[in-house]
Amino acid sequence: MSKRKKIAVLFSGKGSNFAHIVNTLHPQTYEVVVALTNNPHAEGVKVAQAASIPLEIIDSKAYESRETFDAEVVKCLKKYTPELTVLAGFMRILTPVFTEQIKSINLHPSLLPRHKGLNAIEKSFEDVHAYGGVSVHYVSAELDGGEVILQKKLAKEGLNFESYDAKVRSLEKEALVEAIRIVLD
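Reading guide: rules and limits
- Residues numbered from 1 in each chain as written.
- Predicted model: local features only at pLDDT ≥ 70, side-chain atom pairs only at ≥ 80, totals over all residues.
- Heavy atoms only, no water.
- Helix = DSSP H or I, 4+ residues; strand = E, 2+ residues; numbered from the N terminus.
- Rg over C-alpha atoms; globule rule 2.2 N^0.38 Å.
- Buried < 20%, exposed > 50% of the residue type's maximum accessible area, 1.4 Å probe, protein only.
- 1 Å grid on protein atoms, 1.4 Å probe; cavity = no way out; pocket = protein on both sides within 12 Å on 5 of 7 lines; lining within 4 Å.
- Points joined across faces, edges and corners; volume = space filled by probe spheres on them.
- Nonpolar A, V, L, I, M, F, W, Y, C, P; charged D, E, K, R; others polar.
- Pairing = 2+ DSSP bridges.
- Axes fitted to C-alpha atoms, helices over the stretch in contact; angles between N-to-C directions.
- Core = buried A, V, L, I, M, F, W, Y, C linked by side-chain atoms within 4.5 Å.
- Contact = heavy atoms within 4.5 Å.
- Right-handed = clockwise from strand over helix to strand, strands pointing away.
- Phe/Tyr/Trp six-rings, centres within 6.5 Å; stacked < 30°, edge-to-face > 60°.
- Lys NZ or Arg CZ within 6 Å of the ring centre and 35° of its normal.
- Polar contact = N/O pair within 3.5 Å; in protein donor to acceptor, adjacent residues only side chain to side chain.

(A) Structural view of the overall build of the protein chain. A count of helices and strands for the protein chain gives six helices and seven strands. Its helices and strands in sequence order give the protein chain the pattern β-α-β-α-β-α-β-α-β-α-β-β-α, from N to C terminus. Since a compact globule built from 185 residues should have a radius of gyration of about 16 Å, the 16 Å found for the protein chain is in line with a globular shape. Counting all 185 residues of the protein chain, 49% fall into the buried class.

See below:
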């Protein structure tokens, strides 16, 4: 049997995508060697604890610049030697201090390059296009600007915002797991 590949997961909030990674891929296919959050109050902390995954909390509010925060995150991640770092709802804009040292992918709830940044689900729902969707891309120093690994489309016709939002969130989980497999296999 081949050695399981090691991934790190970064999150800032509920940790629902992190939980999906744990439930779908860990520990059968991949080993989540560390979960890292910039938010000490993130609900995803409980996910890591319940799965006995090492947890690192690096509070971004404690750092005077994005670069010093990123340097601390890089130093921490390097201790765990992940082959891939997955940003699953990690609400930080990362600098070259991070992006030039850590191979990482990010999940974004729109069909990039449309609707980079915050509130992408709302913007996507309200735009003129018949389809919305999700993208998984490599992380670069440009916000939501790295090379796209995969996209999944979703027809908006007949959906209200609540049902569109729920479908996007479900699609995110599927896309993230598929992208991890593409990148690591």
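There is more to say, and it comes next.
(B) Molecular detail of the layout of surface pockets. Of the voids in this model, the largest pocket is the one considered here, and its volume is about 910 Å³. Lining the largest pocket are 35 residues, and of these Gly 89, Phe 90, Met 91, Leu 107 and Pro 109 sit closest to its centre. For the lining of the largest pocket, the secondary-structure elements that each account for two or more residues are helix H1 (16–25), strand S5 (104–108), helix H5 (120–126) and helix H6 (161–184). Residues of the lining of the largest pocket, tallied by class, amount to 15 nonpolar, twelve polar and eight charged.

(C) Focus on the sheet that holds strand S7 (residues 148–155). If you walk across this open sheet you meet the seven strands as S3-S2-S1-S4-S5-S6-S7, and the pairing is mixed. Where the open sheet ends on each side, the last strands, each with one partner, are strand S3 (55–57) and S7. Shown here is a sheet whose adjacent strand axes are inclined to one another by a mean of 20 degrees, direction ignored. As paired elements, strand S4 (residues 84–87) and S5 share three bridges and run parallel to each other. Along S5, the bridge assignment pairs Leu 87 with Asn 106.

(D) The arrangement of the nonpolar core in detail. Ranked by internal contacts, the top residues of the largest apolar core, which has 38 residues, are Phe 18, Ile 21, Leu 84, Ile 105, Val 136, Leu 176 and Ile 180. If you tally residues by element for this core, the top one is H6, at ten residues. Setting aside chain neighbours within four positions, we find Val 136 in contact with Ile 105, Asn 106, Leu 107, Val 148, Ile 149, Leu 150, Ala 175, Leu 176 and Ala 179.

(E) Just the pairing of strand S1 (residues 5–11), in detail. Within S1, five of the seven residues are buried, which leaves it mostly tucked inside the rest of the structure. Where S1 and strand S2 (residues 30–37) come together, seven bridges link them in parallel fashion. Across the sheet, Val 9 pairs through a bridge with Ala 35, a residue of S2. Handedness of the crossover is the feature at issue here: the chain leaves S1, passes through H1, returns alongside S2, and the resulting connection is right-handed.

(F) Quick look at the packing of aromatic side chains. Using the criterion set out here, one finds four aromatic pairs in the structure. Consider the rings of Tyr 63 and Phe 69, whose centres lie 5.9 Å apart with planes at 70 degrees: the pair is edge-to-face. Each ring, one from Phe 125 and one from Phe 161, has its centre 5.5 Å from the other, and the planes form 75 degrees; the classification is edge-to-face. Of this pair, Phe 125 sits in helix H5 while Phe 161 sits in helix H6, and the two are 36 residues apart along the sequence. Residue classification places Phe 125 among the partly exposed positions, given a relative accessible area of 23%. Using a relative accessible area of 25% as the deciding quantity, one classes Phe 161 as partly exposed. A connected cluster of aromatic rings, assembled from ring pairs, spans Phe 125, Phe 161 and Tyr 164. Sitting over the ring of Phe 69, Arg 92 keeps its end group 4.6 Å from the ring centre.

(G) The side chain of Ser 60, seen in detail. Here Ser 60 is to be found in the loop between S3 and helix H3 (66–80). At a separation of 3.3 Å, a polar atom in the side chain of Ser 60 contacts the side chain of Asn 38. The contact partners of Ser 60, leaving out residues within four places of it in the chain, are Asn 38, Phe 69 and Arg 92.

(H) How the structure looks around unusual backbone geometry. The linkage connecting His 26 with the following residue, Pro 27, adopts the cis geometry, with an omega of -5 degrees. Cis rather than trans, the peptide bond between Leu 112 and Pro 113 has omega equal to 15 degrees. With respect to the helices and strands, Pro 113 occurs in the loop between S5 and H5. Of note in this structure, Thr 81 is not a glycine but carries a positive phi near 45 degrees.

As far as function goes, none of this settles anything; it's purely spatial.
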